[in-house]
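Topology and contacts: notes
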Amino acid sequence: MSIKKFIKNAKESLGLDELKKSSKKKSLKVLLGKLEVRKEKITKKLEKKADKKTTKELKEELSIIKIQIKKGEKLLGKLEKENKKTEKLDKSKKG
Amino acid sequence: MLKKILLPTILGILAYGFWISPDFKEIAAGVAIFLFGMLSLEEGFKVFSGGLLEKLLKRSTDKLYKSIGFGVLTTTIMQSSSLVSVLTISFLGAGLIGLTQGIGIIFGANIGTTTGAWLVAGLGLKVKISAYAMPMLVFGVILIFQKAKTLKGIGYVLAGLGFLFLGIHYMKEGFEAFKSTIDLSAFAVEGFKGLFIFTGIGIFATVVMQSSHATLVLIITALAAGQITYENALALAIGANVGTTITAIIGSLSSNIDGKRLAGAHLIFNVVTGLIAIIFIHQIMSAVDYTSTYVGIANDDYTLKLAVFHTIFNLIGVIVMIPFIGKLVSFLESRFGQEIREEDAEYDSIKYLNDSVLELPATALAAIKRETEHLYDNAFEIIAHGLNLKRGNIISSMELDDVIADPYSAKGIDMDEFYTYKIKGIYGGIIDFSTNAQSQMPPEYIEELYQIKLSNRDIVEAIKDTKHLQKNLLKYTISTNENIKKQYDDIRKGLADLLRTIHTIRTTQEYDEIVTLLAKARIHAEQYDVIANGTLDDLIRNNLITNEMATSLMNDSTYAHDISKNLIEMAEVLFIKGDDETMELNEELRITEDDIEQFIEEKGQK
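In this text the structure is predicted, and so the values were computed from the model without any measurement.

1. Comments concerning the nonpolar core
Residue and element names in this part refer to chain B. Counting 92 residues, the largest nonpolar core has Y376, I463, I491, L495, L567 and M570 as the members making the most contacts within it. Ranked by residues supplied to this core, first place goes to helix α17 (residues 361–386) with 13 residues. Residue contacts for L567: discarding those within four places in its chain leaves Y376, I383, A462, L498, L499 and I502. Counting residues in hydrophobic clusters, the runner-up holds 76 residues, among them F45, L92, M171 and L306.

As structure tokens, then:
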């Protein structure tokens, strides 16, 4: 067995790839949570009366955050899909 | 001159010694094999130390006690305080740690190195370690020939240990055989006179061998064979402790000013510790006797008692010096000031790039990144002044309209002159150093280095574009035509906003804020496209600006767009803090041209 293959097998057995994916998923979830909080704060600020310039800036920030949340949710869905696929494969291997 | 005489003299003395005494030859060969083992061991640990040590450093050196613990642990594992001190100088040179943290690590290394005496006295002399040396050497050398970096590293460590054991074996055998021909203990000198003489010999031997470990093993084996007295062995150990600072001093010669300060701290610490040990030798010896009895070491087991002495006097040194670390740092900072030649005073040059950081790929990379940040600091000044803005205003919470209403100067700055004084030297230095560092870097570092090199190019391009922009900007911001004046003020406002955003990205720890700010910056960069957003058409159609003004605005808005693009790309590489996952996430969440188009469309509909 070559060294590369050995390391790959060891990583698979120890589930290190999964660990990386799940930590990425965790970071993404944390980020999405923080973005949601930011979104709520801006929405609340927009409900209050503010000058035209501030309202414009807040609306712009809100739009940007919405785009980021949308992108983040899409990525999270992709990661979860990949996870399920791997789990299914593992089950079929064991079965 | 001294160097020219010293080496042939030492070689001559050794050759004469080999000629008259085969036993001396055996001892010297033992020392040589031991030193070769140290080199091999250091080579092996360097393979693993890069990324791992950098990660450990970040977590383990924020408090002084942690720095000391880090020094103790790494030296105990690597069995080389010299390697730890050279690596610490490298970390310091790269700006990964501060001087106080560096001093903490050196203090810890002095305690960690005492484990070597315990290993040799407790294990090396009581077990036939040459039996372990042979298989280690065989396995080690086989692994050294492997292509895989990790296996090679393990090979060097194994071979290193093998050579260390073999060296100890030869020294032991040599001294045993020596006993039958010459009794070195007849040269023993008693009292304080002997203490000073043997301390001097210890310093000399360590300076020559550049390893206190090797000197200590030599002392322990000689002591075990009864060739030196216990008192003289203690003095030799004190000397070895002082002599070992030479490695750090040599290592610091190629380092920056902080490296030199650290080597100074090492020397002061070891000399003070040595003096304390000499002055209070009888009290420390009593403490050694008491501790030895307490832990069950026989009264005549002088080799282990030497190990106890070595540990106690280094511990005393650390305890005595800890309260003075702040004063030591102030003293070193005032003693080793930055020397600037008069003709160089106006030219800014590299701060973090020196040969000491080349010790590890991770420190070399960190130093290049730091230097690029230094380049950006200067670029920020030039770009701000080129746009006729004040830096203080940009990074304040001042309204942007007020920022652009407060010009830096009436006639603008000479950007070429600024470039020559503040950018050229640093940029050239970074490129030269990166090329040199790249040739010694493993592939996994190359991609990051490439990204940093691109950031350097982005910074320089942004300055050049600002220079192109400056001429018309100065002309039209004082124009009587309010329409063109507004356009150029908008460009200044947009770029001031970007510089402020980058400053926030650099200083904030909140990743969600960074993501939002980067997206905002990318969207704002598109606002300069005066053709696409219809601004130019409106101005021309309504005869609000001349043809000449229109051409200038078209070209200059492209420059403003390019400046923004380059600075955003640079900020994404230099200022996003976090682990690999964060970097990956940033890559995947980066706002694309489609997102921007969608954003602009939605904005238009509203």
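Next comes the rest of the account.
2. Here's the deal with the pattern of salt bridges
Residues and elements named next belong to chain B. Per the counting criterion, the structure on display carries 23 salt bridges over all chains. Across the salt bridge formed by R506 and E373, the nearest N and O atoms sit 3.6 Å from each other. On the criterion of sequence distance, the pair formed by R506 in helix α22 (residues 482–507) and E373 in helix α17 is long-range, its members being 133 residues apart. Since its relative accessible area comes to 25%, R506 is described here as partly exposed. A salt bridge links E572 to R522; its shortest N-O distance comes to 3.0 Å. Of the two residues, E572 is situated in helix α25 (residues 547–574) and R522 in helix α23 (residues 511–525); the sequence distance between them amounts to 50 residues. Among the residues examined, E572 registers a relative accessible area of 6% and is labelled buried. Owing to a relative accessible area of 14%, R522 belongs among the buried residues under this scheme. Where salt bridges share partners, they join R522, E569, E572 and R590 into one cluster.

3. Some points on the packing of helix α10 (residues 212–224) of chain B against helix α11 (residues 230–243) of chain B
When two helices pack together, their arrangement is given by the angle between the helix axes and by the axis-to-axis distance. All names here are of chain B. As a packed pair, α10 and α11 sit with axes 9 Å apart at the nearest point and diverge in direction by 175°. By the criterion of interaxial angle, the relationship of α10 to α11 is roughly antiparallel. For the pair α10 and α11, contact is made by S212, T215, L216, I219 and L223 and by Y230, A233, L236, A237 and A240, respectively.

Rules of the game
Residues numbered from 1 in each chain as written. Chains lettered and ligands numbered in written order. Predicted model: local features only at pLDDT ≥ 70, side-chain atom pairs only at ≥ 80, totals over all residues. Heavy atoms only, no water. Core = buried A, V, L, I, M, F, W, Y, C linked by side-chain atoms within 4.5 Å. Buried < 20%, exposed > 50% of the residue type's maximum accessible area, 1.4 Å probe, protein only. Helix = DSSP H or I, 4+ residues; strand = E, 2+ residues; numbered from the N terminus. Contact = heavy atoms within 4.5 Å. Salt bridge = Lys/Arg side-chain N within 4 Å of Asp/Glu carboxyl O. Axes fitted to C-alpha atoms, helices over the stretch in contact; angles between N-to-C directions. Parallel < 35°, antiparallel > 145°, perpendicular 65-115°, else oblique.

No statement about biological role is implied by the geometric values presented.
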